[in-house]
Amino acid sequence: MSKPLTLTRYPGNPVLVPSLVNEWETDNVFNAAVVEHEGLIYMLYRAQGLDRISRIGCAISTDGYHFNRMQEPVFVPEEDYEAFGVEDPRITKLDGWFYMIYTAYSSLGTRVSMARSRNLIAWERMGIILPDEDNKDAVLFPEKINGRYAMFHRRIPDMWLAYSDDLIHWTNHQIIMNPRPGLWDGVRIGAGGPPFRTDDGWLCFYHGFAEERVYCLGLALLDLEDPSKVLKRQDDPILVPRAPWEVHGDVPNVVFTCGGVETDDEYLIYYGGGDHVMAVAAITKGEAMSLASVSKADVAEFTKG
């Protein structure tokens, strides 16, 4: 049996920590969307300060490892459905716009909501896109699938796929992956950042946990034309909490990703450690795509579980 794929942590982690200067981010900075724009890496991260309300801050880097943060958040709660915070952004560029799907939290519960921007700083709200249900871990695909927009979301405990013609109304909801009892993702799973397109399929980094509630990251490969078809799903996690700032934090034993970037030869996966700091880990494209090295007989054995 081949050795399980793993992410390699950047030795300079964490790459972003709470600020004692800005009261809105004194406690935690975590679960960031990360995108490349005009040669720079933008990290839009969830921040909590003295009032424990989640806001979204922005930090910018030239190399993907050293970030300078803006002094004020770029997205803050304004609507009633966001009263308790705006959380866990995922950002996808489509048709010249950056679309941010985020979790709006209020007395209504958690609602999947969307905003858009041309520059990643000024955002225009598009409202709740999955109304009347508690839902989260939603993220857009970076291109249309058979002429329609596609999105992951999470109805507990499974990972779902849905389609839309206008980004607002979503249909054709279907489960694509379930938890796997007895494995590291045996209780609950959810999407990470936007999937990466490869010649062999959509490469998806996702999160999950088992009975011990240790949040780990996993890796799956989905069919390009029909992402409901899981071509490969590694049995072992690709990242497990090990570093002190992953094992200890505002919530212990957590690694959780909302986004990554693709370079010429690797994927950089950014993740929150312990719901407290931001970190990054990498895998080469050659390593990642060894996941696709399966025979047709192997593929036929995979189920949505």
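The structure this text deals with has already been given above.
In this report, we go over the structure that sits alongside the text. (Residues numbered from 1 in each chain as written. Predicted model: local features only at pLDDT ≥ 70, side-chain atom pairs only at ≥ 80, totals over all residues. Heavy atoms only, no water.)

Where empty space is left in the structure can be found by rolling a water-sized probe over the atoms. Across all of its chains, the model carries one cavity of 30 Å³ or more by this definition. Of the pockets and cavities examined, the largest cavity occupies roughly 50 Å³. Along its surface, the largest cavity is lined by Gly192, Gly193, Pro194, Phe196, Phe205, Thr257, Gly259, Gly260 and Ile269. It is strand β19 (residues 255-262) that contributes the most residues to the lining of the largest cavity, three residues altogether. Broken down by class, the residue content of the lining of the largest cavity amounts to four nonpolar, five polar and no charged. (1 Å grid on protein atoms, 1.4 Å probe; cavity = no way out; pocket = protein on both sides within 12 Å on 5 of 7 lines; lining within 4 Å. Points joined across faces, edges and corners; volume = space filled by probe spheres on them. Helix = DSSP H or I, 4+ residues; strand = E, 2+ residues; numbered from the N terminus. Nonpolar A, V, L, I, M, F, W, Y, C, P; charged D, E, K, R; others polar.)

This part covers the layout of surface pockets. When its volume is computed, the largest pocket comes out at roughly 420 Å³. Lining the largest pocket are 21 residues; nearest its centre among them are Arg46, Asp88, Lys136, Tyr215 and Asp275. Secondary-structure elements contributing two or more residues to the lining of the largest pocket are β2 (28-37), β3 (40-48), β6 (85-94) and β10 (136-140). Looking at side-chain class alone, the lining of the largest pocket contains six nonpolar, four polar and 11 charged residues.

What follows concerns the pattern of salt bridges. Evaluated as defined, the whole model comprises 20 salt bridges. Between Glu246 and Arg9 there is a salt bridge, and its shortest N-O distance comes to 2.8 Å. On the criterion of sequence distance, the pair formed by Glu246 in helix α1 (residues 244-247) and Arg9 in strand β1 (residues 8-9) is long-range, its members being 237 residues apart. Given a relative accessible area of 0%, Glu246 falls into the buried group. On the accessibility criterion, Arg9 (27% relative accessible area) is partly exposed. Residue Glu124 is joined to Arg116 by a salt bridge in which the shortest nitrogen-to-oxygen separation is 3.3 Å. Given a relative accessible area of 38%, Glu124 falls into the partly exposed group. By relative accessible area, which is 22% here, Arg116 ends up partly exposed. Three or more residues are tied together by salt bridges with common partners; here these are Arg180, Asp185, Arg233 and Asp235. (Salt bridge = Lys/Arg side-chain N within 4 Å of Asp/Glu carboxyl O. Buried < 20%, exposed > 50% of the residue type's maximum accessible area, 1.4 Å probe, protein only.)

Attention shifts here to the nonpolar core. Leu7, Leu203, Phe205, Ile238 and Ile283 are the most contacted members of the largest nonpolar core, which has 25 residues in total. Among the secondary structure elements, those contributing two or more residues to this core are β16 (201-209), β17 (216-222), β20 (266-273), β21 (277-284) and α2 (285-289). Here this core gets four residues from one element, more than from any other, and that element is β21. Apart from residues no more than four positions distant in its own chain, Ile238 is found in contact with Leu5, Thr6, Leu7, Phe205, Leu217, Gly218, Leu219 and Ile283. (Core = buried A, V, L, I, M, F, W, Y, C linked by side-chain atoms within 4.5 Å. Contact = heavy atoms within 4.5 Å.)

What follows deals with the side chain of Gln234. Summarising the element assignment, Gln234 is placed in the loop between β18 (230-233) and α1. A polar side-chain atom of Gln234 sits 2.9 Å from the main-chain amide nitrogen of Leu5. Residue contacts for Gln234: discarding those within four places in its chain leaves Pro4, Leu5, Arg180, Trp184, Leu219 and Leu291. (Polar contact = N/O pair within 3.5 Å; in protein donor to acceptor, adjacent residues only side chain to side chain.)

This paragraph deals with the packing of aromatic side chains. Applying the stated criterion to the full structure yields 13 aromatic pairs. Measuring from ring centre to ring centre gives 6.2 Å for Phe67 and Tyr270, while their planes differ by 90 degrees; the resulting arrangement is edge-to-face. In this pair, Phe67 is assigned in strand β5 (residues 67-69) and Tyr270 in strand β20, connecting sequence segments 203 residues apart. Summarising the burial analysis for this pair, Phe67 and Tyr270 share the class buried. Connected via pairs of aromatic rings, a cluster forms that spans Phe141, Phe152 and Trp202. (Phe/Tyr/Trp six-rings, centres within 6.5 Å; stacked < 30°, edge-to-face > 60°.)

These figures capture arrangement, not role.
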